[in-house]
Amino acid sequence: MHMDVGMDSGDMIAKQSVSIEDKDTMGDVEAKLMKASQVLIHEDLKKYLAGELTSIEQDEPQVTLAYTIKKEDEFISFNRHVKDVYNHIRGLVPWPVGYGILDEKRVKLHAAEYQHKKVNEPAGTILKVTTEGIEVACIDGVVILKRLQTEGKQAMDVKDIANGVGRDWTGKVFL
């Protein structure tokens, strides 16, 4: 894009779209964007330098900016709709990685899935711990945690956690 006085608001020279699938993490999206940028650099930049591309004015009301993620943005509250919790988790993977508080300790959430279903327990309650996942109640379903990192430990798949301390977590609540 052309530079102007605004933030990312100059006329566009070329653009590329990528699809964001329901299971994509921020790392997956970043990889897709890197691949798309190769086309922009290798093909469209040559066309621009040859005078073969014309600028496209941006529709200012459609311009969005990504804000800088702060430490407090990494906290995952389960007291929300399940899809919002799931998207929050995957939006912070692989970095900086979101976390919840369990037994007054941070637990980083590296991978998750979700299901819409009726839940009778308060949001944040660990409903079930199995080698397939740790089900945590949300407003309208469950987030199924697949990979976690407890304080002072490496990230682990839930099958390893379930075989250790994880089975004692059933009924506990993420704050």
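Computed from a predicted structure; not experimentally measured.

### Quick notes on the confidence of the model for the protein chain
Detailed conclusions should not be drawn from predicted coordinates in areas where pLDDT is low.
Stage number 1. Per-residue confidence for the protein chain gives a mean pLDDT of 92, with 98% of residues at or over 70.
Stage number 2. Mean pLDDT across the elements of the protein chain bottoms out in helix H3 (residues 158-162) (88) and peaks in helix H2 (residues 82-90) (98).

### Comments concerning the pattern of salt bridges
Stage number 1. Applying the stated criterion across every chain, the model contains eight salt bridges.
Stage number 2. With a closest N to O distance of 2.8 Å, Lys172 and Asp103 form a salt bridge. Of the two residues, Lys172 is situated in the segment after H3 and Asp103 in the loop between strand E1 (98-102) and strand E2 (105-116); the sequence distance between them amounts to 69 residues.
Stage number 3. In this structure Lys172 comes out as partly exposed when scored by relative accessible area, which is 28%.
Stage number 4. Residue Asp103 is classed as partly exposed on the basis of its relative accessible area of 45%.
Stage number 5. Taken together, the shared-partner salt bridges connect Lys117, Lys128 and Glu135 into one network.

### Quick look at the environment of Ile13
Stage number 1. Locating Ile13 in the fold gives a position in the segment before helix H1 (26-49).
Stage number 2. Owing to a relative accessible area of 16%, Ile13 belongs among the buried residues under this scheme.
Stage number 3. Remark: the alpha-carbon pair of Ile13 and Lys47, spanning 34 residues in sequence, is separated by 9.9 Å.
Stage number 4. If we skip the residues at most four places from it in the chain, Ile13 touches Met1, His2, Tyr48, Leu53, Thr54 and Ser55.

### Considerations on the nonpolar core
Stage number 1. Of all hydrophobic cores here, the largest spans 24 residues; its most connected members are Phe78, Ile134, Val143 and Leu145.
Stage number 2. Among the secondary structure elements, those contributing two or more residues to this core are H2, E2, strand E3 (126-130), strand E4 (133-138), strand E5 (141-150) and H3.
Stage number 3. In terms of residues, this core owes the most to one element, H2, which gives four residues.
Stage number 4. Not counting the four nearest positions on each side in its chain, Val143 is found in contact with Phe78, Val82, Val85, Tyr86, Ile89, Ala112, Glu113, Tyr114, Ile134, Glu135, Val136 and Cys138.

The rules behind the values
- Residues numbered from 1 in each chain as written.
- Predicted model: local features only at pLDDT ≥ 70, side-chain atom pairs only at ≥ 80, totals over all residues.
- Heavy atoms only, no water.
- pLDDT = per-residue confidence, 0-100.
- Helix = DSSP H or I, 4+ residues; strand = E, 2+ residues; numbered from the N terminus.
- Salt bridge = Lys/Arg side-chain N within 4 Å of Asp/Glu carboxyl O.
- Buried < 20%, exposed > 50% of the residue type's maximum accessible area, 1.4 Å probe, protein only.
- Contact = heavy atoms within 4.5 Å.
- Core = buried A, V, L, I, M, F, W, Y, C linked by side-chain atoms within 4.5 Å.

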